[in-house]
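# Architecture at a glance
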Amino acid sequence: MLIAGFPAGAWGTNCYLVAPAAGEECVIIDPGHQAADGVAEAIAKHRLKPVAVVLTHGHIDHVASVVPVCGAHDVPAWIHPDDRYMMSDPGKALGRSIGMPLMGELTVGEPDDVKELADGAKLELAGLELSVAHAPGHTKGSVTFGLPEAADIPPILFSGDLLFAGSIGRTDLPGGDMAEMLDSLARVCLPLDDSTVVLSGHGPQTTIGQERAANPYLRQVAAGQGAFEAPRRGM
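Attention here is on the structure that accompanies the text. Values in this document were obtained by computation on a predicted structure and should not be read as measured data.

Conventions used here
Residues numbered from 1 in each chain as written. Predicted model: local features only at pLDDT ≥ 70, side-chain atom pairs only at ≥ 80, totals over all residues. Heavy atoms only, no water. Salt bridge = Lys/Arg side-chain N within 4 Å of Asp/Glu carboxyl O. Helix = DSSP H or I, 4+ residues; strand = E, 2+ residues; numbered from the N terminus. Buried < 20%, exposed > 50% of the residue type's maximum accessible area, 1.4 Å probe, protein only. Arc of directions from axis to C-beta. Contact = heavy atoms within 4.5 Å. Axes fitted to C-alpha atoms, helices over the stretch in contact; angles between N-to-C directions. Parallel < 35°, antiparallel > 145°, perpendicular 65-115°, else oblique. Nonpolar A, V, L, I, M, F, W, Y, C, P; charged D, E, K, R; others polar.

### Focus: the pattern of salt bridges
Applying the stated criterion to the full structure yields seven salt bridges. For Arg 84, the salt bridge is made with Glu 116, and the minimal N-O distance between the two is 3.2 Å. With Arg 84 in the loop between strand S5 (77–79) and helix H4 (90–94) and Glu 116 in strand S6 (residues 114–116), the pair connects residues that are 32 residues apart, well separated along the chain. Between Glu 180 and Lys 140 there is a salt bridge, with the nearest N and O atoms lying 3.1 Å from each other.

### Considering helix H1 (residues 36–46)
Turning to H1, its buried residues are Gly 38, Val 39, Ala 42, Ile 43 and His 46. Down the axis of H1, the smallest arc covering the buried residues is 135°, so these residues share one side. Structural note: H1 exposes Asp 37, Glu 41, Ala 44 and Lys 45 on the side pointing more than 90 degrees away from its buried face. Residues of H1 that are buried make contact with strand S1 (2–8), strand S2 (13–19), strand S3 (25–29), strand S4 (49–54) and helix H3 (66–73). Directly beyond the C-terminal end of H1, a positive phi value near 55° is found at Arg 47.

### Overview of the packing of helix H6 (residues 178–189) against helix H8 (residues 216–223)
Across the interface, H6 lies against H8 with an axial gap of 10 Å and an inter-helix angle of 80°. By the angle between their directions, the pair H6 and H8 is classed as roughly perpendicular. Contacts from Met 178, Leu 182, Leu 185, Ala 186 and Cys 189 in H6 reach Tyr 217, Leu 218, Gln 220 and Val 221 in H8. Grouping the amino acids of the contact of H6 with H8 by side-chain chemistry returns eight nonpolar, one polar and no charged.

From the geometry alone we can't say anything about function, so treat these as descriptive.
Structure, rendered in structure tokens:
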């Protein structure tokens, strides 16, 4: 398994390229703001052939480079239907303008081929099987992508802005909902094995075991306690 990840752009959003090995087909996860050059470098370094872009949610810091990346490699983008509108209307998704200088750098809109994700779907892409879990809370169309355990590789969760090392995604933007966030944490994250590696939309990697023990939000959900305010992390 090859996973090449890097933080991109003004928000340091993690973009990942995932392949069975170097020199093979790959999937690109969340090519956000100013990610196109990093994607091109990773493709060249590892001799990869992209077959799809998959998106954990529609915020501009995760999708800003979708159009140029999909166009350069003639591949589709996969996104949950509840977040699809964000690719063409990022300002509506944020409830505010993100600033004229930044907007001037973005190619807003949909790529030529957009496919919609569904809860429980299994995506057979690039020799991988990505399991899709709908995980609203940060946005209505947030999803996670899971890879099963294989050989000496533990299971992997690409959590987007659902779960971070020590924290969770913000819920104060349009479409955010703390009750849905807590339900998604309970439904998607708590059942996973402690060995599951969590590769999130922002910040360092962690494991479900580490978060079960130390993340105050996941501990809250496990204890069945009520909601409290989420931090402002992510877009």
